[in-house]
Amino acid sequence: MTTYLIKGARPYGEDTVDIVLRDSIIASIGEDLSVPGAEVVDATGLVALPGLVDLHTHLREPGREDAETVQTGSRAAALGGFTAVHAMANTDPVADTAGVVEQVWRLGQEAGLVDVVPVGAVTVGLAGTQLAELGAMADSAARVRVFSDDGHCVADPALMRRALEYVKALDGVVAQHAEEPRLTAGAQMHEGDRSARLGLTGWPAAAEEAIIARDVLLAGHVGARLHVCHVSTAGSVDILRWAKFRGVQVTAEVTPHHLLLTDECAEGYDPVFKVNPPLRTDADVQALRAGLADGTIDAVATDHAPHAMEDKECEWAMARPGMIGLEQALSVVVDTMVETGLLDWRGLADRMSVRPAAIGRLEGLGLHAQGRPLAPGEPANLVLVDPAFRGTVDPAALASRSRNSPYAGRELPGRVVHTFLRGAPTVLDGKATR
Ligand code: DOR
Ligand code: ZN
């Protein structure tokens, strides 16, 4: 295995050092290192961060390989600086058995660009009526710890309680898509003055907040871990703050698009901006940024949701919700959180690597651990970012098989230059190695 000598990098944006990667681990970090025979990587001016970990990626395989595959999504992830992604369960067939999660896990290994960590469905077929075989998925080769019906809410409170009881015994977590379905029938965008004016059915903030409030009470009662997917409203942040203060084991994620974009994007009726939960108001965006900065929101997760052309380039009401985001996630967080002074690079590493890995229970896997610090002896998972770069997003240039990027034509800071997974480059000079 090749030894890499990374010259002139700034771990966490701090002092300039050299980093040696050998036999899958960080062998040493220091000044003016020289390693005979090593491959030298020039990282002058680049910020080094631990490999990013996504808690929420839709890879669409099996079932919608026309929109994305484990291979194409893995490449997009590596180019975005990720070394692990959790693959959501709303595939076809649904990832609700040990067989399907093992299939996804194996496809991830074959692609070999990031650790693909399957999420298991909470209920059979995401139908919300009968618990899936959570224990068998946890015990499978895929080692599932995160369970989610994402795309759908586990709306039945008794079933949600039962799911929390099961995951508690498995050291797992229920990742809830918080949406009270009785309040969002036919919903198209955030409910407010703008939805009324545009003539689109509204998705009220209360539909999200009511489920989060209910679920933190249930999680507290059961003593189980709850994770809230894609938090989108100021009220949700308030409820999470209250629940954490009360000692509930709750964690939460926010997407890059909810940190940057608002419901104003719906003005042109371009379905690329249709997403679930919907883009909210500027006040919500500010509250989400503040919640991520103070740690009330633990993690950034992409909710990368690739869709085929025919499912997006149609009338707003007919379009599927969702947007791609793996390749721009880091840039959007740099734009909204680092350049605004809300987070430093260490804070970004915490929210995009350390905490998501801990939520997914990936931090204790020895050589296969993720979210570990940049330190000698740790697995060599890292990303090198050019913080001075600014570029305009061209969807045609993305590695994802789908084109539904809400950032098309937008200028964003930061560029992933190199990514390493266990000491092997998955991205070199901005290009995927496989
Ligand atoms: O916008 C969304 N798209 N939200 C979800 O919850 C599911 C996702 C998808 O699978 O397309
Ligand atoms: Zn969701």
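Keep in mind the model is a prediction, meaning the values are calculated, not measured.

Rules used throughout
- Residues numbered from 1 in each chain as written.
- Chains lettered and ligands numbered in written order.
- Predicted model: local features only at pLDDT ≥ 70, side-chain atom pairs only at ≥ 80, totals over all residues.
- Heavy atoms only, no water.
- Helix = DSSP H or I, 4+ residues; strand = E, 2+ residues; numbered from the N terminus.
- Rg over C-alpha atoms; globule rule 2.2 N^0.38 Å.
- Buried < 20%, exposed > 50% of the residue type's maximum accessible area, 1.4 Å probe, protein only.
- Contact = heavy atoms within 4.5 Å.
- Areas by Shrake-Rupley, 256 points an atom, 1.4 Å probe, with all protein chains shown as cover.
- Phe/Tyr/Trp six-rings, centres within 6.5 Å; stacked < 30°, edge-to-face > 60°.
- Donors = N, O, S within 2.8 Å, 3.2 Å for Na, K, Ca; no water.
- Tetrahedral: all angles 85-135°; square planar, octahedral: opposite > 155°, others 65-115°.
- Expected span 1.5 Å × (residues − 1).
- Polar contact = N/O pair within 3.5 Å; in protein donor to acceptor, adjacent residues only side chain to side chain.
- Near = heavy atom within 4 Å.
- Nonpolar A, V, L, I, M, F, W, Y, C, P; charged D, E, K, R; others polar.

**Comments concerning the overall build of the protein**
From N to C terminus, the protein includes 12 helices and 19 strands. Over its C-alpha atoms the protein spans a radius of gyration of 20 Å, differing by no more than 12% from the 22 Å that the globule rule assigns to 434 residues. Overall size of the protein, expressed as C-alpha extent along the three principal axes, is 65 × 45 × 45 Å. Across the 434 residues that make up the protein, the buried fraction comes to 62%. Taking the contacts inside the protein whose residues are at least 6 apart along the sequence as the reference set, 74% of them involve residues at least 24 apart. Carbon and sulfur atoms make up 50% of the accessible area of the protein, which totals about 15,700 Å².

**Quick notes on the packing of aromatic side chains**
Tallied over the full model, the rule gives one aromatic pair. Measuring from ring centre to ring centre gives 5.3 Å for tyrosine 4 and phenylalanine 420, while their planes differ by 65°; the resulting arrangement is edge-to-face. You can see tyrosine 4 sitting in strand β1 (residues 4-11) and its partner phenylalanine 420 sitting in strand β17 (residues 411-421), a full 416 residues away along the chain. Relative accessible area serves as the criterion here: at 9%, tyrosine 4 is assigned to the buried category.

**Comments concerning the coordination of the zinc ion (ligand 2)**
Distances from the zinc ion (ligand 2) to its protein donors, Asp150 (OD), His177 (ND1) and His230 (NE2), fall within 1.8 to 2.3 Å. Classification of the site at the zinc ion (ligand 2) rests on its four donor atoms, whose angles at the metal span 85 to 130°, yielding the label irregular. Here the donor residues for the zinc ion (ligand 2) map to a single chain with the spacing D-x26-H-x52-H. Within this pair, whereas histidine 177 is found in the loop between β10 (173-176) and β11 (189-190), its partner histidine 230 is found in the loop between β13 (226-228) and α7 (234-245), the two being separated by 53 residues in sequence. Each member of the pair, histidine 177 together with histidine 230, is buried.

**Section: helix α4 (residues 157-169)**
Because the α-helix completes a turn every 3.6 residues, residues three or four places apart line up on one side. Its 13 residues give α4 an end-to-end C-alpha distance of 19 Å, which sits within 8% of 18 Å, the value for a rise of 1.5 Å per residue. Considering only its buried residues, α4 is in contact with α3 (134-139), β9 (146-147), β10, α6 (205-222) and β13. At the N-terminal boundary of α4, the capping side chain belongs to aspartate 156, with an oxygen 2.9 Å from the backbone nitrogen of alanine 158. Note on α4: the residue one or two positions beyond its end, aspartate 171, has a positive phi of about 55°.

**Overview of the site of ligand 1**
Residues in contact with ligand 1 amount to 14 residues; listed here are only the nearest, Arg60, Asn90, His177, Asn276 and His307. A distance of 3.0 Å separates an oxygen atom of ligand 1 from a polar side-chain atom of histidine 307. Between glycine 322 and ligand 1, the recorded distance is 3.2 Å, taken from a backbone N or O atom to an oxygen atom. Here ligand 1 loses 94% of its free accessible area of 290 Å² to cover by the protein chains. In the shell around ligand 1, the residues fall into three nonpolar, eight polar and three charged.

Structural measurements only, silent on function.
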